[in-house]
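Examining the three-dimensional arrangement
Residue strings, one per chain:
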Amino acid sequence: MFLPGAKVRFMPNVSHDTLHGFLPERPKALNRALDLLDLGIPSGVTTETLPTDASGAPKMFARQMDSVLRVVRPDGRDPFILLVEAQTRVEAKKETSWPYYVAYLRDRYKLEVVLLVLCVDTATAAWAATPLRTGLGRPTQVTVPHVLGPANVPRLSRIEDALTDLDFAAFCLWIHSNDPDIEGILTVMGKALAQDTDREAREDLAGLIEDGLGSEHARKFWRNVMETLFTPRRGTIVGDARLAGREEGRVEGRVEEKAERLLHLMERRGLPLTEETRQRVTTCADAPLLDLWFDRAIDATTIDEVFAAPSTTDRVPAPSREHTASPGRAAPNPGAS
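Residues numbered from 1 in each chain as written. Predicted model: local features only at pLDDT ≥ 70, side-chain atom pairs only at ≥ 80, totals over all residues. Heavy atoms only, no water.

Notes on the overall build of the protein
- Of the regular secondary structure elements, the protein holds 13 helices and seven strands.
- Taking all 337 residues of the protein together, the buried fraction comes to 43%.
- In the protein, the share of contacts with a sequence separation of at least 24, taken over all contacts with a separation of at least 6, comes to 64%.
- Taken as a whole, the protein presents about 17800 Å² of accessible surface, with 52% of it coming from carbon and sulfur. (Helix = DSSP H or I, 4+ residues; strand = E, 2+ residues; numbered from the N terminus. Buried < 20%, exposed > 50% of the residue type's maximum accessible area, 1.4 Å probe, protein only. Contact = heavy atoms within 4.5 Å. Areas by Shrake-Rupley, 256 points an atom, 1.4 Å probe, with all protein chains shown as cover.)

Overview of the pattern of salt bridges
- For the structure on display, the rule yields 16 salt bridges.
- A salt bridge links E25 to R26, with the nearest nitrogen and oxygen atoms 3.5 Å apart.
- Residue class for R26 comes out buried when judged on its relative accessible area of 18%. (Salt bridge = Lys/Arg side-chain N within 4 Å of Asp/Glu carboxyl O.)

As for the nonpolar core
- In this structure, L82, F171, L173, M189, I209 and W222 are the most contacted members of the largest nonpolar core, which totals 48 residues.
- Ranked by residues supplied to this core, first place goes to helix α6 (residues 166-175) with nine residues.
- Not counting residues within four places of it along the chain, the set of residues in contact with W222 comprises L186, M189, G190, L193, A206, I209, E210 and L213. (Core = buried A, V, L, I, M, F, W, Y, C linked by side-chain atoms within 4.5 Å.)

Observations concerning the side chain of K94
- Note on placement: K94 falls in helix α3 (residues 94-109).
- If sequence neighbours within four positions are ignored, K94 has contacts with E85, Q87, P99, W127 and L132.

Details of the sheet that holds strand β3 (residues 80-87)
- The strand order across the open sheet built from five strands is β1-β2-β3-β4-β7, with neighbouring strands paired in mixed fashion. Where the open sheet ends on each side, the last strands, each with one partner, are β1 (46-49) and β7 (146-148). Neighbouring strand axes in the sheet, compared pairwise and without regard to direction, differ in orientation by 30 degrees on average.
- In terms of strand pairing, strand β4 (residues 113-119) meets β7 through three bridges, oriented parallel. Considered in β7, the bridge of L118 is made with L148.
- Helix-sheet contacts for α3 involve β2 (67-72), β3 and β4, and the interaxial angle to β3 is about 160 degrees. (Pairing = 2+ DSSP bridges. Axes fitted to C-alpha atoms, helices over the stretch in contact; angles between N-to-C directions.)

Structural notes on the packing of aromatic side chains
- Here the structure, examined in full by the defined rule, presents six aromatic pairs.
- When the ring of F168 is compared with that of F171, the centres are 6.0 Å apart and the planes differ by 35 degrees; the resulting orientation is tilted. With F168 and F171 both in helix α6 and three residues apart, this pair spans about one turn of that helix. Each member of the pair, F168 as well as F171, carries the same accessibility label: buried.
- Members of the aromatic cluster, connected to one another through ring pairs, are Y100, Y101 and Y104.
- In this structure, R280 is placed above the aromatic ring of F307, and the distance from its NZ or CZ to the ring centre is 4.4 Å. (Phe/Tyr/Trp six-rings, centres within 6.5 Å; stacked < 30°, edge-to-face > 60°. Lys NZ or Arg CZ within 6 Å of the ring centre and 35° of its normal.)

Some words on the packing of helix α2 (residues 27-35) against α6
- At their nearest, the axes of α2 and α6 sit 8 Å apart, and the two run at 55 degrees to each other. Classed by the angle they form, the pair α2 and α6 counts as oblique. Handedness of the crossing formed by α2 with α6: right-handed. Side by side, α2 and α6 meet where A29, R32 and A33 of the first sit next to D167, F168 and F171 of the second.
- Residues that form the contact of α2 with α6 fall into these classes: four nonpolar, no polar and two charged. (Parallel < 35°, antiparallel > 145°, perpendicular 65-115°, else oblique. Left-handed = near helix turned anticlockwise from the far one by under 90°. Nonpolar A, V, L, I, M, F, W, Y, C, P; charged D, E, K, R; others polar.)

Remarks on the confidence of the model for the protein
- When the pLDDT values of the protein are averaged, the result is 80; 78% of them are 70 or greater.
- Predicted confidence in the protein is weakest over helix α10 (residues 237-268), with a mean pLDDT of 67, and strongest over β7, with 97.
- Scored below 50 in pLDDT, residues 232-243 makes 11 contacts in the model with residues more than four places away or belonging to other chains. (pLDDT = per-residue confidence, 0-100.)

Quick look at the packing of α6 against helix α8 (residues 199-212)
- α8 packs onto α6 with a crossing angle of 15 degrees between their chain directions and a minimal axis gap of 10 Å. Considering their axes alone, α6 and α8 lie roughly parallel with respect to each other. α8 is crossed by α6, and the crossing has right-handed handedness. In contact with L166, D167, A170, L173 and W174 of α6, α8 contributes L205, L208, I209 and G212.
- Class assignment for the residues of the contact of α6 with α8 results in seven nonpolar, one polar and one charged.

What follows is the structure, encoded as structure tokens:
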């Protein structure tokens, strides 16, 4: 339960970046999402990705938006700025940063600005939809976010619905990732994806879906669905070779993913990222240590606080198969990485 004034310790996960970064790269699915807002925007829009840095000059501290797009209608008229923010929890500081982002974008591009907040639970969606007012008496500024969450995004229940647009179906799946019947939703998505004849695109989307799931239970269930539908039978030479290669690639990908997330967080926190620091993070193959550094970077004020040697009070998970260093990466030294 969220208590006003309480300090909430939160470990961001990949689902945040996947959620806001997925639609901008897929105009067709983005169009369907905008249709849910009833803004009267015709299908067939084109988009241009814009910088997400909203820091003032000089940059006293970093202000980083999630995704920013310049959206152009098919007829080229009335382009507008779409700011997409992924929100996985109630976060009071957004009540001041969102109005700032809108004003900053309006001033910079001289275009209308639409703030779209993506939420994966109804409580966060209700909070995000609350108008943000500032001023005395009559408000000087009012910011009213558009919100997409479980209440107004379709829930996957039929394979044929998912097949009409697999990208949009993946987006809907993430929005409903906290649904009590997430296993049923994943099963529907898996069966629909299995009918996609483009194997490379299918496997790419399957991997993105896994990355976007914040729950480890949901991720494990999705892997089981994928192995059942797409993986060659074990016990054959070809099948075992493909499975081994896939596992090796998954392990290396997870470590690289953790390193990228850590660098992204440190950059957004305004921590200095020298070439030496980047090298230290990207060459570390110890997944538990990367998790520890990430946890520290949430509140750290200096780089030294992030990289201090693990102490007896630090909770460093025991290495598992997933944390095994892949060939070609140096073996980790927890005390010196």
